[in-house]
There are 2 protein chains.
Amino acid sequence: MTDVTLREVARASGCSVATVSRVLAGTRPVGAETARKVREAAEKLGYRPNQVARALRSRSTGTVGLVLPQITNPFFPSLVREVEHALHAEGRAVLLADCDDDPEVEAARIADLLDRQVDALLIIAVDERQSRDAVAKAAAHVPLVLLDRGCGPGIADLVTTDNATGMALVLDHLVSTGRRRICFVGAAGTGSAAVERLAAYEAETKALGLHGFGPVELGDFSLEWGRAAVDRILPSRPDAVVCANDLIAIGALQRLRQLGVDVPGDIAVTGFDDIPMADLADPALTTVRQPVRALAAEAVHLLGHRLAGQNDGPRRLVRLAPELVVRASSAPRASSAEDTRSTRTPEVEQ
Amino acid sequence: MTDVTLREVARASGCSVATVSRVLAGTRPVGAETARKVREAAEKLGYRPNQVARALRSRSTGTVGLVLPQITNPFFPSLVREVEHALHAEGRAVLLADCDDDPEVEAARIADLLDRQVDALLIIAVDERQSRDAVAKAAAHVPLVLLDRGCGPGIADLVTTDNATGMALVLDHLVSTGRRRICFVGAAGTGSAAVERLAAYEAETKALGLHGFGPVELGDFSLEWGRAAVDRILPSRPDAVVCANDLIAIGALQRLRQLGVDVPGDIAVTGFDDIPMADLADPALTTVRQPVRALAAEAVHLLGHRLAGQNDGPRRLVRLAPELVVRASSAPRASSAEDTRSTRTPEVEQ
DNA sequence: ATAGAGTGGGAAAACGTTCTCCGAGAATCT
DNA sequence: AGATTCTCGGAGAACGTTTTCCCACTCTAT
């Protein structure tokens, strides 16, 4: 019932605590016979090392804090999953902190995690500006990597999706399937996703010479805004609507259907992120899939690097290229959609 | 830079470590003047108690392990969120373990959490049978509450949704809006959700005297099965399809639309769980909303109870009544759906 | 005056590890 | 043979708290 300690294993195997620790941790060579006796005793008593004591002594808890704005944001669960797996593969555990999209809660959670002596922090920042202070302060104490959302330059390592590439993929695709009257529905925030995707859209349309057309409407990253934006955009008779994320796109899809507009016949719609719903929308949504696994792997890798080294060296900014996922919502107008759903791609499983 | 300890606060305030601990923890009355000096010094040095040391000494980490099958299952994020908030409100932190739907991984994660000295475990079991051993073993060491999914009787406290009530709500609703030729698409597994929802469906249809009709098709809890099941059910010309969860229902919706069947005109469709997608489907899905916040609160409450008491006493089984959410997919046939979406209910926010 | 209770404070033991010394014996070198 | 290294093992300090003693002192009641 009560836990078995090193002392008891030592007594049972007739040697010292130090020796038992050594053979179990493999930290120094130990005589074959002694080792056997120790292992035997440990086995018999069902000894399990107390990680708290180990942490106190060795000043490392083997624990990483994962701080995010809102686990219910549909893009995060898969990211959390990958991060969790990557960390567990290194024998680390994840302390989860959901911030309810509130920077003050975020600051408090970060402080709490530091008190709990996490070895490192992985943070998806709530807000570009308002998170900065807390993040910077935390980065002074412990290796810290920002994930997905930035937080000002030079604060900490950041690994994120290359929004410019993603937007370019979308626009190339639309143009190459004959769309010309393209418009953009984005978000007005100051977050990196909002800013970068808008900037990329504008740069790319210019590069492609589509600059004549192009209403741009900015709201927020929500379904409701997607629905509302359709009404503001429709009068200019576009043949494609590029949305800054999937939620906006799905909202747009809903409103367009309601108004009897044919997608993709009259208008193509694209999203960004590839959340699970994107594949389920009707028509299934063409979108940009963030390289979730690679993002997680890279972030964990960077953490490992700082944990191994002295946690100094320059801040890194890693941008990973996303992937275009073409589905029915952007099918060429020529093919008059008998079975538009066949474009659906398989799940990201494995 | 390096952390401030009790010793340093003691030295700075000219008193002993014991006294500092006492005033900061408020564990014993201490002279007013001394207390002031201590607090002042602590403040000035920026002292933060080391939770690991505290945990080692007081044999309590203030940490709870949350073990779940797959964070990407769309029903879980909101549950995780509520659990996390409820626990944090008590000053506890959450150690997250995602099991990848694998009972062996689950067992390993549970063992790891126990080594990390979690004060308690909150487990959404992967499998009714295969999780039993690991859960039972863990329950012997630490307060443990099962959430959402059971794991055999008497293993541990269990708080879950009352599937029978939920199914009754659905059937009453369908019957009272004129549906009679009702059929069921469920899952064949041995998990409590699969078994209970099927049993409840059968009991309730019998009670309502609908027993003449009623094909029942069993597959799994997936979109694909929902799509496939439609083809097997359609020949019997039902006017309502009751699905064992939302994924199945959304799959069914998709296939029905593809076949040109009018929902809800020809056939009503209902789901179970109220995952975020349910509201976004077209038509929006009538479903049973699990009382997520209450589930989390009750589970945490039970944990607290066992943490306070001696972790004995009988195992409890708490069933919470869910709520029917009527949306467009089950609108009465009479009202020939001008704007079927208006039935949509607001988000669960706040 | 003296015993008894009550108060404020310190010294030091514990919690379960890891790790630094240190010593005893065996093996290797000159 | 004596000096040096190596190997194996133990004693005990340390990690930063909490908590148990214990002491010194001040009140109050006899």
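Residues numbered from 1 in each chain as written. Chains lettered and ligands numbered in written order. Predicted model: local features only at pLDDT ≥ 70, side-chain atom pairs only at ≥ 80, totals over all residues. Heavy atoms only, no water.

(A) Summary view of the relation of the copies chain B and chain A. Each copy of the sequence occupies a distinct position, and chain B is placed on chain A by a rotation of 180° and an axial shift of 0.0 Å, giving an RMSD of 0.1 Å. On this basis, the relationship between the two copies can be described by a two-fold rotation axis. Looking at the rotation axis and the C-alpha trace of chain B, the residue lying nearest is B:Leu95, at 2.3 Å. Comparing contact sets, 100% of the residues at the interface of chain B also lie at the interface in chain A, consistent with an isologous, same-surface contact. (Least-squares fit on C-alpha atoms with pLDDT ≥ 70 in both. Contact = heavy atoms within 4.5 Å.)

(B) Focus on the interface of chain B and chain A. The interface of chain B with chain A comprises 52 residues on the first partner and 52 residues on the second. For the pairing of chain B and chain A, the buried interface totals around 4,700 Å² over both sides, and the portion due to carbon and sulfur atoms is 55%. The tally of links from chain B across to chain A stands at eight salt bridges. In this structure, B:Asp115 and A:Arg48 form a salt bridge, with 3.4 Å as the shortest nitrogen-oxygen distance. (Buried area = accessible area lost by both parts, 1.4 Å probe. Salt bridge = Lys/Arg side-chain N within 4 Å of Asp/Glu carboxyl O.)

(C) Representation of the protein's contact with DNA strand D within the structure. Around DNA strand D, the surrounding shell holds 28 residues, and the nearest of these are A:Thr19, A:Arg28, A:Gly31, A:Thr34 and B:Arg54. The sugar-phosphate portion of DNA strand D accounts for 59% of its atoms within 4 Å of the protein, the bases making up the rest. At 2.7 Å from a phosphate oxygen of DNA strand D is found a side-chain nitrogen or oxygen belonging to B:Ser21. Separating a base oxygen of DNA strand D from a side-chain N or O atom of B:Arg22 is a distance of 3.3 Å. Secondary structure elements with two or more residues in the surface near DNA strand D: helix 2 (17-25) and helix 4 (51-58) of chain A together with helix 2 (17-25) and helix 4 (51-58) of chain B. Residues that form the surface near DNA strand D fall into these classes: twelve nonpolar, seven polar and nine charged. (Near = heavy atom within 4 Å. Polar contact = N/O pair within 3.5 Å; in protein donor to acceptor, adjacent residues only side chain to side chain. Helix = DSSP H or I, 4+ residues; strand = E, 2+ residues; numbered from the N terminus. Nonpolar A, V, L, I, M, F, W, Y, C, P; charged D, E, K, R; others polar.)

(D) Representation of the pairing of strand 11 (residues 317-320) of chain A in the model. All names here are of chain A. Residues of strand 11 alternate between two faces, with Val318 and Leu320 buried on one and Leu317 and Arg319 left unburied on the opposite face. Where strand 5 (residues 157-161) lies against strand 11, four bridges are found, and the strand directions are parallel. Across the sheet, the residue bridging to valine 159 is valine 318, located in strand 11. (Buried < 20%, exposed > 50% of the residue type's maximum accessible area, 1.4 Å probe, protein only. Pairing = 2+ DSSP bridges.)

(E) Seen up close, unusual backbone geometry. Along the chain, A:Val263 connects to A:Pro264 via a cis peptide bond; the corresponding omega equals 10°. As for its placement among the helices and strands, A:Pro264 is situated in the loop between helix 11 (246-258) and strand 9 (268-270). Residue A:Pro283 is reached from A:Asp282 by a cis peptide bond, and omega for that bond is 0°. Within the secondary structure layout, A:Pro283 lies in the loop between helix 12 (276-280) and strand 10 (287-289). Even without a glycine there, the phi angle at A:Asp274 is positive, about 60°. Mapped onto the elements, A:Asp274 comes out in the loop between strand 9 and helix 12. Owing to a relative accessible area of 14%, A:Asp274 belongs among the buried residues under this scheme. With a phi close to 70°, B:Asp148 is a non-glycine residue in the positive phi region. Structurally, B:Asp148 is set in the loop between strand 4 (144-147) and strand 5 (157-161).

(F) Quick peek at the packing of helix 1 (residues 6-13) of chain A against helix 2 of chain A. All names here are of chain A. Two numbers describe how helix 1 lies on helix 2: the axes approach to 8 Å, and their chain directions differ by 100°. The angle between helix 1 and helix 2 falls in the class roughly perpendicular. Only Val17, Val20, Ser21 and Leu24 of helix 2 make contact with helix 1, whose side of the interface consists of Leu6, Arg7, Val9, Ala10 and Ser13. A per-class count over the contact of helix 1 with helix 2 returns six nonpolar, two polar and one charged. (Axes fitted to C-alpha atoms, helices over the stretch in contact; angles between N-to-C directions. Parallel < 35°, antiparallel > 145°, perpendicular 65-115°, else oblique.)

(G) Spatial organisation of the environment of A:Ala168. Assignment of secondary structure puts A:Ala168 in helix 8 (residues 163-176). Placed 105 residues apart in sequence, A:Ala168 and A:Asp273 show a C-alpha to C-alpha distance of 14 Å.

(H) Main features of the sheet that holds strand 3 (residues 120-123) of chain A. Taken in spatial order, the twelve strands make up an open sheet running 11(A)-5(A)-4(A)-3(A)-1(A)-2(A)-2(B)-1(B)-3(B)-4(B)-5(B)-11(B), and their pairing is mixed. Strands at the two margins of the open sheet, each flanked by one partner only, are strand 11 of chain A together with strand 11 (317-320) of chain B. Taking the axes of each pair of neighbouring strands and ignoring which way they run, one obtains an average angle of 20° across the sheet. Sitting on the sheet, helix 13 (residues 292-308) of chain A is in contact with strand 1 (63-68), strand 3, strand 4 (144-147), strand 5 and strand 11 of chain A, with an inclination near 170° to strand 5 of chain A.

(I) Here's a closer look at the domain arrangement of chain A. Domain annotation of chain A identifies domain 1 (6-49), domain 2 (62-162 + 292-321) and domain 3 (163-290 + 324-343). Averaged C-alpha coordinates put domain 1 of chain A and domain 2 of chain A at centres separated by 38 Å. (Domains from an automatic or database assignment.)

(J) Just the packing of aromatic side chains, in detail. All told, the structure shown has four aromatic pairs over all chains when counted by the stated rule. When the centroid spacing of 4.6 Å and the interplanar angle of 25° are considered together, the rings of B:Phe184 and B:Tyr201 count as stacked. Note that B:Phe184 is positioned in strand 6 (residues 182-187) and B:Tyr201 in helix 9 (residues 192-207), a separation of 17 residues in sequence. Take B:Phe184 and B:Tyr201: they sit in the same class, and that class is buried. Its guanidinium or amino end placed over the ring of A:Phe272, A:Arg197 lies 3.9 Å from that ring's centre, counting from NZ or CZ. (Phe/Tyr/Trp six-rings, centres within 6.5 Å; stacked < 30°, edge-to-face > 60°. Lys NZ or Arg CZ within 6 Å of the ring centre and 35° of its normal.)

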